[in-house]
Amino acid sequence: MDAYEAITTTRAIRRYRDEPIPEADLNRILFAATRAPSGSNRQPFRFLVLRHGPAALEARQVLAGCFAALWGAKRAGDGYDTGSGTDPTSPKARMAATMQHFVDHIADASAIVLACTRARHGGVLHDGASVYPACQNLLLAARALGYGGVMTNWHQSEAARLAEICGIPDDVTIAAVIPLGRPVGHHGPVRRRPLPDLVYEDRWEASAPWAVDPPGTRFTGGPPAP
Ligand SMILES: Cc1cc2nc3c(=O)[nH]c(=O)nc-3n(C[C@H](O)[C@H](O)[C@H](O)COP(=O)(O)O)c2cc1C
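Residues numbered from 1 in each chain as written. Predicted model: local features only at pLDDT ≥ 70, side-chain atom pairs only at ≥ 80, totals over all residues. Heavy atoms only, no water.

K.L.:
It is not clear to me how the nonpolar core should be interpreted in this structure. Could you clarify?
P.N.:
Leu 50, Leu 63, Phe 67, Phe 102, Leu 114 and Ile 168 are the most contacted members of the largest nonpolar core, which has 32 residues in total. Secondary structure elements with two or more residues in this core: α3 (54-77), α4 (91-105), β2 (111-118), α7 (159-166) and β4 (172-181). Residue contributions to this core peak at eight residues, all from α3. Excluding anything up to four places from it in sequence, Ile 168 contacts Leu 48, Leu 114, Cys 116, Leu 162, Ala 163 and Ile 174. (Core = buried A, V, L, I, M, F, W, Y, C linked by side-chain atoms within 4.5 Å. Buried < 20%, exposed > 50% of the residue type's maximum accessible area, 1.4 Å probe, protein only. Helix = DSSP H or I, 4+ residues; strand = E, 2+ residues; numbered from the N terminus. Contact = heavy atoms within 4.5 Å.)

K.L.:
Sorry, what's going on with the environment of Glu 5 here?
P.N.:
If you trace the backbone, Glu 5 turns up in helix α1 (residues 3-9). For Glu 5, a relative accessible area of 39% gives the class partly exposed. Separated by 90 residues in the primary sequence, Glu 5 and Met 95 place their C-alpha atoms 25 Å from one another.

K.L.:
Help me understand the pairing of β2 in this model?
P.N.:
Looking down a regular strand, the side chains alternate between one sheet face and the other. Taking burial as the measure, the eight residues of β2 include seven buried ones, the bulk of the element. Where strand β1 (residues 45-50) and β2 come together, six bridges link them in antiparallel fashion. Paired with Phe 47 across the bridge in β2 is Ala 115. Inspection of the sheet shows β2 paired to β4 by eight bridges, in the antiparallel sense. Residue Ala 111 lies in a different strand from β4, and its bridge partner there is Leu 180. (Pairing = 2+ DSSP bridges.)

K.L.:
Would you mind showing me how to read the pattern of salt bridges here?
P.N.:
Side-chain pairs of opposite charge can arise whenever the charged atoms involved come near each other. Taken as a whole, this structure holds eight salt bridges when the rule is applied. Residue Arg 182 pairs with Glu 19 through a salt bridge whose shortest N-O separation is 3.6 Å. A residue pair is termed long-range when its members are at least 10 positions apart, and Arg 182 in the loop between β4 and α8 (195-198) and Glu 19 in the loop between α1 and α2 (23-33) qualify at 163 residues. Measuring nitrogen to oxygen at the nearest pair gives 2.6 Å for the salt bridge that ties Glu 23 to Arg 51. (Salt bridge = Lys/Arg side-chain N within 4 Å of Asp/Glu carboxyl O.)

K.L.:
Just checking my understanding: could you explain the site of the ligand for this structure?
P.N.:
Close to the ligand lie Arg 11, Ala 12, Arg 14, Met 99, Phe 102, Val 150, Met 151, Thr 152, Asn 153, Trp 154, Val 190 and Arg 192, which account for all nearby residues. Measuring from an oxygen atom of the ligand, one finds a backbone N or O atom of Ala 12 at 2.9 Å. Within the side chain of Trp 154, one N or O atom sits 3.2 Å away from an oxygen atom of the ligand. When the free accessible area of the ligand is taken as 620 Å², the share hidden by the protein chains comes to 61%. Its residues placed into classes, the shell around the ligand shows seven nonpolar, two polar and three charged. (Near = heavy atom within 4 Å. Polar contact = N/O pair within 3.5 Å; in protein donor to acceptor, adjacent residues only side chain to side chain. Areas by Shrake-Rupley, 256 points an atom, 1.4 Å probe, with all protein chains shown as cover. Nonpolar A, V, L, I, M, F, W, Y, C, P; charged D, E, K, R; others polar.)

K.L.:
How do you make sense of unusual backbone geometry when you look at a structure like this?
P.N.:
For residues that are not glycine, phi is negative in most cases, and the peptide bond is trans in most cases. A positive phi angle, near 55 degrees, is found at Gln 43, a position not held by glycine. Structurally, Gln 43 is set in the loop between α2 and β1. Among the residues examined, Gln 43 registers a relative accessible area of 36% and is labelled partly exposed. A positive phi angle, near 75 degrees, is found at Asp 202, a position not held by glycine. Checked against the element boundaries, Asp 202 lands in the segment after α8.

K.L.:
Before we go on, may I ask you to explain the packing of aromatic side chains in this structure?
P.N.:
Each aromatic ring pair is summarised here by two numbers: the centre-to-centre distance and the angle between the ring planes. Tallying each qualifying case throughout the model produces five aromatic pairs. With a centroid separation of 6.0 Å and 35 degrees between ring planes, the pair formed by Phe 45 and Phe 47 is classed as tilted. A relative accessible area of 5% places Phe 45 in the buried class. Taking the centre distance of 5.7 Å and the plane angle of 80 degrees together, the rings of Phe 67 and Trp 154 count as edge-to-face. Of this pair, Phe 67 sits in helix α3 while Trp 154 is found in the loop between β3 (148-149) and α7, placing the two residues 87 residues apart along the sequence. Looking at Phe 67, the relative accessible area reads 0%, which means it is buried. Residue classification places Trp 154 among the buried positions, given a relative accessible area of 13%. Here the aromatic cluster, defined as three or more aromatic residues joined through ring pairs, consists of Phe 67, Phe 102 and Trp 154. Sitting over the face of the ring of Phe 31, Arg 35 holds its NZ or CZ atom 4.0 Å from the ring centroid. The lysine or arginine in question, Arg 182, covers the ring of Tyr 147, its NZ or CZ lying 4.1 Å from the ring centre. (Phe/Tyr/Trp six-rings, centres within 6.5 Å; stacked < 30°, edge-to-face > 60°. Lys NZ or Arg CZ within 6 Å of the ring centre and 35° of its normal.)

Rendered as structure tokens:
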């Protein structure tokens, strides 16, 4: 798979087959993650992989609890079960079903990667900018090897508990939790807003004549309407 295809087809994968990820593949995925750039090449990112060790089993249960709580609140708050969500075939209801399945099974994901960073207090934007490229490298490498995953941040209410279980030091932040596995569904072209909505030239919101989507591109404006 070439890099361009991987970039344009790496979807958030939230359903995984019940298959372990061989260590050789984990090695390649994490090697790719750690090739990411960071400010001054400081490499503040660290990846703690949860498989089936004692700490991992405990951390998986904690993640199951906080993911369910976060999704439950979002489901109610964003009205996933009202309006078009009452029709089980609607995009909103299908999204809700996918998310429910995701949080119900997060503890069983083949591997869960805690993407961590030693924050330098350079500000959220600066610190994040030295760990999230590595997260995307990880997802792209996983996709190239036939796996899938999703970046999440629903662990935050239990970050201290996870740190305690896994021995994560005080100056380290869990920037993202990334479950990985063989996808049940498929990767495929990701949908975004039309290119002219996202790319300007010369002045803010001034269109760039060359910024056009390839033929056949499908779009989305964001999450399903409430
Ligand atoms: C910073 C960031 C945080 C995210 N947090 C979550 C999350 O907590 N839970 C989740 O299910 N997905 C999360 N996602 C995944 C996005 O929802 C997903 O990438 C987006 O909807 C686009 O979907 P697609 O990649 O399949 O096109 C996050 C993605 C990013 C980049």
